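Residues per chain, in single letters:
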Amino acid sequence: MISAPWEDDASSQRVVREGVASPYAGVYDLEERTARYGEAIIDFLKQVPMSSRTNRLVDQLTGCGTSVGANYVEADDAVSKKDFINIIGTCRKEARECKFFIRMLVKACPELRESAILLWREADELHLIFSRIRRSAKENLKATQK
């Protein structure tokens, strides 16, 4: 079975990463998960043969695959609850866009299907996670406005 690179820190070598241990060690870290997902997208795209058929798809997947985490970091520093909801919505859209471009890349390069499956599943999970966060944040905002 193929292991997901965002789940196993022992096998990965990070060049740039905050080295300070989090006071929340052991707590679910969505920032780290989305960063690892972006890294996995970059590694996956190294396998894609560049051609007129794939160049645009690679550019698109690079953008949305890495911006899921970048937008989550931005949401974490949101200046208001409405700003947070808006940016989390962008995270959700970017994760969904990843699913689309992974599908298109597999159509263009069927030999990459096996390595793309885990990335597609993770994009699906992230989309669901961000959908739930956004829904909960909207409900909480409405409750505080009553």
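No experiment lies behind these values; they were computed from the predicted model shown.

About the criteria used
Residues numbered from 1 in each chain as written. Predicted model: local features only at pLDDT ≥ 70, side-chain atom pairs only at ≥ 80, totals over all residues. Heavy atoms only, no water. Salt bridge = Lys/Arg side-chain N within 4 Å of Asp/Glu carboxyl O. Helix = DSSP H or I, 4+ residues; strand = E, 2+ residues; numbered from the N terminus. Buried < 20%, exposed > 50% of the residue type's maximum accessible area, 1.4 Å probe, protein only. Expected span 1.5 Å × (residues − 1). Contact = heavy atoms within 4.5 Å. Polar contact = N/O pair within 3.5 Å; in protein donor to acceptor, adjacent residues only side chain to side chain. Phe/Tyr/Trp six-rings, centres within 6.5 Å; stacked < 30°, edge-to-face > 60°. Patch = residues over 30% accessible without salt bridge, like charges linked within 9 Å, V, L, I, M, F, W, Y side chains within 5 Å. Areas by Shrake-Rupley, 256 points an atom, 1.4 Å probe, with all protein chains shown as cover. Lys, Arg positive; Asp, Glu negative; His and termini not counted. Charge placed at Lys NZ, Arg CZ, Asp CG, Glu CD. Axes fitted to C-alpha atoms, helices over the stretch in contact; angles between N-to-C directions. Parallel < 35°, antiparallel > 145°, perpendicular 65-115°, else oblique. Left-handed = near helix turned anticlockwise from the far one by under 90°. Nonpolar A, V, L, I, M, F, W, Y, C, P; charged D, E, K, R; others polar.

Q: Talk me through the pattern of salt bridges; I want residue IDs and the actual numbers.
A: Enumeration over the complete set of coordinates arrives at six salt bridges. A salt bridge links Arg33 to Glu122, with the nearest nitrogen and oxygen atoms 2.5 Å apart. Linking Arg33 in helix α1 (residues 30-45) with Glu122 in helix α4 (residues 113-145), this pair joins segments that are 89 residues apart in sequence. In this structure Glu122 comes out as buried when scored by relative accessible area, which is 3%. Among the ionic contacts, a cluster of salt bridges with common partners joins Arg33, Glu122 and Glu125.

Q: So, the environment of Thr62: which residues are in play, and what are the values?
A: The residue Thr62 is located in helix α2 (residues 55-76) in this model. Each C-alpha atom of the pair Thr62 and Gly38 lies 8.0 Å from the other, and the pair is 24 residues apart in sequence.

Q: Which residues make up α1, and what values go with them?
A: Between its terminal C-alpha atoms α1 stretches 22 Å, which fits the 22 Å expected from 16 residues at 1.5 Å a residue. Every buried residue belonging to α1 is among Leu30, Glu32, Arg33, Thr34, Arg36, Tyr37, Gly38, Ala40, Ile41, Phe44 and Leu45, and all of these are buried. Here the buried face of α1 lies against α2, α3 (81-108) and α4. Looking at where α1 begins, the residue whose side-chain oxygen comes 3.2 Å from the main-chain nitrogen of Glu31 is Asp29.

Q: How would you explain the packing of aromatic side chains if you had to name every residue and give the values?
A: All chains considered together, the criterion is met by two aromatic pairs. Here Tyr72 and Phe130 contribute two aromatic rings whose centre-to-centre distance is 5.8 Å and whose plane-to-plane angle is 45°, an arrangement assigned as tilted. With a gap of 58 residues between them, Tyr72 in helix α2 and Phe130 in helix α4 connect regions that are remote in the sequence. Accessibility assignment for this pair places Tyr72 and Phe130 in one class, buried. Taking 5.1 Å as the distance between ring centres and 85° as the angle between the ring planes, the aromatic pair formed by Phe100 and Phe101 counts as edge-to-face. A relative accessible area of 45% places Phe100 in the partly exposed class. Classification of Phe101 as buried rests on a relative accessible area of 11%.

Q: Pulling in residues and values, what's your account of a negative patch on the surface?
A: Taken together, Asp29, Glu31, Glu74, Asp76 and Asp77 make up a surface patch of like negative charges. Relative to the elements of secondary structure, Asp77 occurs in the loop between α2 and α3. Since its relative accessible area comes to 59%, Asp77 is described here as exposed.

Q: Lay out the packing of α3 against α4 in plain terms, naming residues and giving numbers.
A: Viewed as axis vectors pointing N to C, α3 and α4 meet at an angle of 160°, and their least axial separation amounts to 8 Å. In terms of their interaxial angle, α3 and α4 are classed as roughly antiparallel. Every pair of crossing elements has a handedness; the one defined by α3 and α4 is left-handed. Taken together, the residues of the contact of α3 with α4 sort by class into 17 nonpolar, five polar and nine charged.

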